[in-house]
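Reading the structure
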Amino acid sequence: MGIRDSQDDIVATIKEHSDIVAIIGESVELKKSGVRYLGRCPFHGEKTPSFSVHAGQQFYHCFGCGASGDVFSFMMKYHNLDFPSALKELARRCNIALPEKRDSREREEAERRSERLYRVNEHCAELFARYLREAPQAKAARDYLGRRGVGEELIAAFGIGYAPGPEAGGWNFLGSRLDGELQQAAVAAGLLGERDGGGTYDRFRDRILFPIYNVGGRVCGFGGRIVGEGQPKYLNSPESPVFNKSRLLLGLYQQKEEIRKRREVVLVEGNFDLVSLVAAGCRHVAAPLGTALTREQLRLLKRFAETAILLFDGDAAGRKAAVRAVPLFLAEQFSARVAFLPSGHDPDSFVREHGLAAVEKVLHEARALPEFTLEHLLGEHGTSLDGKRKIIADLQPLMAAASSPLERSLFVTHFASALGLPPEHLGAGLARPDTAGPVPPREAAVAPVEAAPPTLAQRQLITFMIHNPRYFQALAEGGARDCLAGSLGEVIYLALQSLVADRVQVEAEDLLAVLPEGPERRLVAALLCAPLPVATLEDDDGSGELADFLGYLRQCRLQREVLQLQRQVEEAERGGDLERLMLLLAEKNDLDRRLRG
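Anyway, here's the lowdown on the structure attached to this text. In this numbering scheme, every chain counts its residues from 1 along its sequence in written order. With pLDDT at 70 or above as the cut-off, local features in this predicted model cover only qualifying residues; side-chain atom pairs require 80 or more to be listed or tallied, and sums for whole chains, interfaces and linings still use all residues. Water and hydrogen atoms were dropped before computing side-chain values, which therefore reflect all heavy atoms in the structure.

It is worth spelling out empty space enclosed by the protein at this point. Of the two site types, the cavity is a set of points on a 1 Å grid over the protein atoms alone where a 1.4 Å probe fits but cannot get out, and the pocket is an open set with protein on both sides within 12 Å along at least five of seven lines, each lined by residues with an atom within 4 Å of a point. Grid points are joined across faces, edges and corners, and a volume is the space filled by probe spheres set on the points. Enumeration over the complete set of coordinates arrives at one cavity of 30 Å³ or more. Computed from the structure, the largest cavity encloses a volume of approximately 40 Å³. Every residue along the wall of the largest cavity is listed here: Phe158, Pro211, Tyr213, Leu249, Leu250, Gly251, Leu252, Tyr253 and Gln254. With three residues, helix α10 (residues 252-262) is the largest single contributor of residues to the lining of the largest cavity. What counts as a helix is a DSSP run of H or I of at least four residues, what counts as a strand is a run of E of at least two, and both are numbered from the N terminus.

In this section: helix α15 (residues 356-364). Along α15, the positions that sit buried rather than exposed are Val359, Val362 and Leu363. What you see down the axis of α15 is that its buried residues fit within an arc of 100°, all on one side. Residues of α15 that are exposed and point over 90 degrees away from its buried face: Ala357, Lys361 and His364. It only takes one pair of heavy atoms within 4.5 Å for two residues to be counted as in contact. On its buried face, α15 sits against β12 (264-267), α11 (271-280), β14 (307-312), β15 (335-340) and α14 (347-354). Under the scheme applied here, a residue whose accessible area is under 20% of the maximum for its type counts as buried, over 50% as exposed, and between as partly exposed, the area being computed with a 1.4 Å probe on protein chains only. This arc is taken over the directions from the axis of the helix to the C-beta atoms.

Here we come to the packing of α14 against α15. Between N-to-C directions, angles span 0 to 180 degrees; the directions come from axes that are lines fitted to C-alpha atoms, helices contributing only their stretch in contact. Contact geometry for α14 and α15: axes closest at 6 Å, N-to-C directions at 125°. Judged by the angle between their axes, α14 and α15 are oblique. Between α14 and α15, the residues in contact are Phe350, Val351 and His354 and Leu356, Ala358, Val359 and Val362, respectively. Each residue is assigned to one of three groups, with Ala, Val, Leu, Ile, Met, Phe, Trp, Tyr, Cys and Pro labelled nonpolar, Asp, Glu, Lys and Arg labelled charged, and all others, Gly among them, labelled polar. Partitioning the contact of α14 with α15 into residue classes produces six nonpolar, one polar and no charged. An angle below 35 degrees is treated as roughly parallel, one above 145 as roughly antiparallel, one from 65 to 115 as roughly perpendicular, and anything else as oblique.

Right, let's get into the packing of helix α20 (residues 456-467) against helix α27 (residues 543-575). A pair of packed helices is characterised by two quantities: the angle between their axes and the separation of those axes. In contact at an axis separation of 11 Å, α20 and α27 are set at 135° when each is read in the N-to-C sense. Here α20 is positioned oblique relative to α27, judged by the angle of their axes. Regarding α20 and α27, the two cross each other, and that crossing is left-handed. Across from Ala457, Gln458, Gln460, Leu461 and Phe464 in α20, the residues of α27 making contact are Glu545, Leu546, Phe549, Tyr552 and Leu553. Residue composition of the contact of α20 with α27, by class: seven nonpolar, two polar and one charged. Helix crossings fall into two classes, left-handed where the near helix is turned counterclockwise from the far one by less than a right angle and right-handed where it is turned clockwise.

Along the chain, glycine 161 falls in strand β6 (residues 161-163). A residue is classified by how much of its surface remains accessible, and glycine 161, at 1% relative accessible area, is buried. In this structure the C-alpha to C-alpha distance between glycine 161 and alanine 138, which are 23 residues apart in sequence, comes to 9.5 Å. With residues near it in sequence (within four places) discarded, glycine 161 still touches Phe128, Ala129, Leu132, Arg207, Ile208 and Leu209.

Attention now moves to the sheet that holds strand β13 (residues 285-286). Strand pairing is defined by DSSP finding a minimum of two bridges between the two strands. Sheet architecture is open: five strands sit in the order β13-β12-β14-β15-β16, paired in mixed fashion. With partners counted over all chains shown, the strands left at the sheet margins are β13 and β16 (367-368), one partner each. Pairing of β15 with β16, which is carried by two bridges, proceeds in the antiparallel orientation. The residue bridging valine 338 from the neighbouring strand is arginine 367, located in β16. Contacts from α15 reach β12, β14 and β15 within the one sheet, and its direction differs from that of β15 by about 130°.

Here the nonpolar core consists of buried residues drawn from Ala, Val, Leu, Ile, Met, Phe, Trp, Tyr and Cys, with membership extended through side-chain atoms lying within 4.5 Å. Grouped together as the largest cluster of nonpolar side chains are 63 residues, with contacts concentrated most on Phe128, Leu174, Leu191, Ile208, Phe222 and Leu311. Among the elements that take part in this core, helix α5 (residues 105-134) stands out by supplying nine residues, more than any other. Residue contacts for phenylalanine 128: discarding those within four places in its chain leaves Gly161, Tyr162, Ala163, Phe173, Leu174, Leu191, Leu209 and Phe222. Of all hydrophobic cores here, the second largest spans 40 residues; its members include Ala322, Phe340, Leu374 and Val412.

Our focus in this paragraph is α11. Among the ten residues in α11, eight count as buried, and that is most of the element. Where α11 terminates, the next one or two residues include glycine 281, which has phi positive at roughly 115°.

Quick look at the pattern of salt bridges now. Salt bridge, as used here, is a side-chain nitrogen of Lys or Arg placed within 4 Å of a carboxyl oxygen of Asp or Glu. In the structure shown here, the tally under the stated rule is 25 salt bridges. Among the ionic pairs, arginine 260 bridges to glutamate 16, the shortest N-O distance being 3.3 Å. Of this pair, arginine 260 sits in helix α10 while glutamate 16 sits in helix α1 (residues 7-17), placing them 244 residues apart in sequence. Judged by its relative accessible area of 25%, arginine 260 is partly exposed. Among the salt bridges present, the one from glutamate 89 reaches arginine 92, with a minimum N-O distance of 2.6 Å. Of the two residues, glutamate 89 and arginine 92 are both situated in helix α4 (residues 83-94); the distance of three residues between them amounts to about one turn of the helix. The exposure class assigned to glutamate 89 is partly exposed, which follows from its relative accessible area of 22%. The class for arginine 92 is exposed, based on a relative accessible area of 57%. Here the salt bridges do not stand alone but share partners, grouping Glu16, Lys256, Glu257 and Arg260 into one network.

What follows concerns the pairing of strand β4 (residues 59-62). Residues Tyr60 and Cys62 point to one face of β4 and are all buried, whereas Phe59 and His61, pointing to the other face, are not buried. Where strand β3 (residues 51-54) lies against β4, four bridges are found, and the strand directions are antiparallel. Within the sheet, the bridge partner assigned to valine 53 lies in β4 and is tyrosine 60. Bridge count for β4 against strand β5 (residues 68-69) is two bridges, and the pairing is antiparallel. Within the sheet, the bridge partner assigned to histidine 61 lies in β5 and is serine 68.

With that settled, consider unusual backbone geometry. Geometrically, the link from glutamine 231 to proline 232 is a cis peptide bond, its omega value of -5° lying close to zero. Relative to the elements of secondary structure, proline 232 occurs in the loop between β10 (219-226) and β11 (234-236). For aspartate 206, which is not glycine, the phi dihedral falls at a positive 50°. Of note, aspartate 206 is situated in the loop between β8 (200-202) and β9 (207-213).

Before going further, it helps to examine the pairing of β9. The side chains of a regular strand alternate between the sheet's two faces. With seven of seven residues buried, β9 is to be regarded as a mostly interior element. Of the two faces of β9, the one holding Arg207, Leu209, Pro211 and Tyr213 and the one holding Ile208, Phe210 and Ile212 are both buried throughout. As defined by bridge partners, β6 adjoins β9 across three bridges and the pair is classed as antiparallel. The partner of tyrosine 162 across the bridge, within β9, is isoleucine 208. Bridging between β9 and β10 involves seven bridges; their strand directions are antiparallel. Looking at the pairing, phenylalanine 210 lines up with glycine 223 of β10. Connecting the antiparallel pair β9 and β10 is a turn made up of five residues, with glycine 217 showing a positive phi of about 95°.

As structure tokens, then:
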């Protein structure tokens, strides 16, 4: 960050860059449930999780003790820090320099160098934009943009400019318009090159230029597409203290609010793929800067989106790029799907020829990345003995990148079933997560298991529970939390538990006031609008239905105990422990009889 940024801007930027789920997950074991994560509150002792972390809205709340706040308040409360110390620690994690007295002249000078680079990039972006807008020599560039459907509004929104070629602007168009410190900064930023005999020359010539912004809106560098003949077709600024291709995404600054609103991002590969989609009305788009996706880019996107759709060309290169991306998404616990365009099309040509509705249809049909990978490998290697051997080898990095033992086990079981193999054969060579090759260990203990929609019986239980909060304690003691675990009803249960603990009288509509926007709130709203079951209408005080639901909860508990015993029986069988096996079978038979009764 530059030294001219205000304290409020710094705080907002650090909060935007901080991954609240990852930071809290370093201290609290979290499990994903719907749009949020649940864990045991670190601020009071509890046996069942009631601590909720919402990544999209960047806050946490404990339904048990009422603790709540953002990433700064968590750092202060959990680590016993004051606000300046929490700010400094989060800034260090995000690699953001604070505008305060530096502890060394070197750091102060590094900040001044960065500020000079930002300033010259922003100054040159204005020069290039004005040249594209006004110069007669830029007519070919304006016509080119017009043919590709990029009008004045998009040009202004993305700050698009044009660097003239030598025949129009000479070899030192930019250098002749800069002097002193700005010219030196332009050399450092890679906008100008230095001649051996003295003087400078333009790095970008006859190119339409896209300024590359960070999420705070500072221009870090440029990506240029040549208008006439020449190579390379695309050219980016070189690496510098403010320009790192692996940490930036084209379009994220302009589209971040739309991405945040939809909680989804469409990732494309090219500059014009991005602007053509935005021009057509698909506005939740971003693009890497001519390179493969990186973990740093995914971490940045996670601040705004919960899912990603990779929109690739349908050729072999696009499919291989999708396969390469799978371990990154798994390691970052980022849900992703992949969509492929018909042969011969990229997103730019497809949306201009077929329109937005056709693009949305392709996006709607996107497949989960792991599923696509297995299909791709089956198509590439076949199902022969040698083909399966190659598939198993190719699946190892993917499964090793899974962010939790549960997810890894699910992959092993699913892929083994699809290949017709015993799960232990597929998982036998799987490296431990901390030795899984190029994928680094995860930074937070978060298991990305999506909350399941409630079953019909669970919906009936939730409906009764929210319409009859006076019976909440009886349902809680009967095991309602365990019955709803892993479904959307779990967070509804926690919210109602908090209300019942705080208020003498609770109405069903009170839940809508405490549940944040998300699938749980939508479910409660739908249940409140739905007509009540006949049994509820006939049972004035609900006591009859309560007895039925308590019976259902007892049945759920017995079913869980039976499943747990079945696993123990299987372990005893594999271990040859006959004495333990006989005891377990007797216990299981007793449970089976009770369950049938």
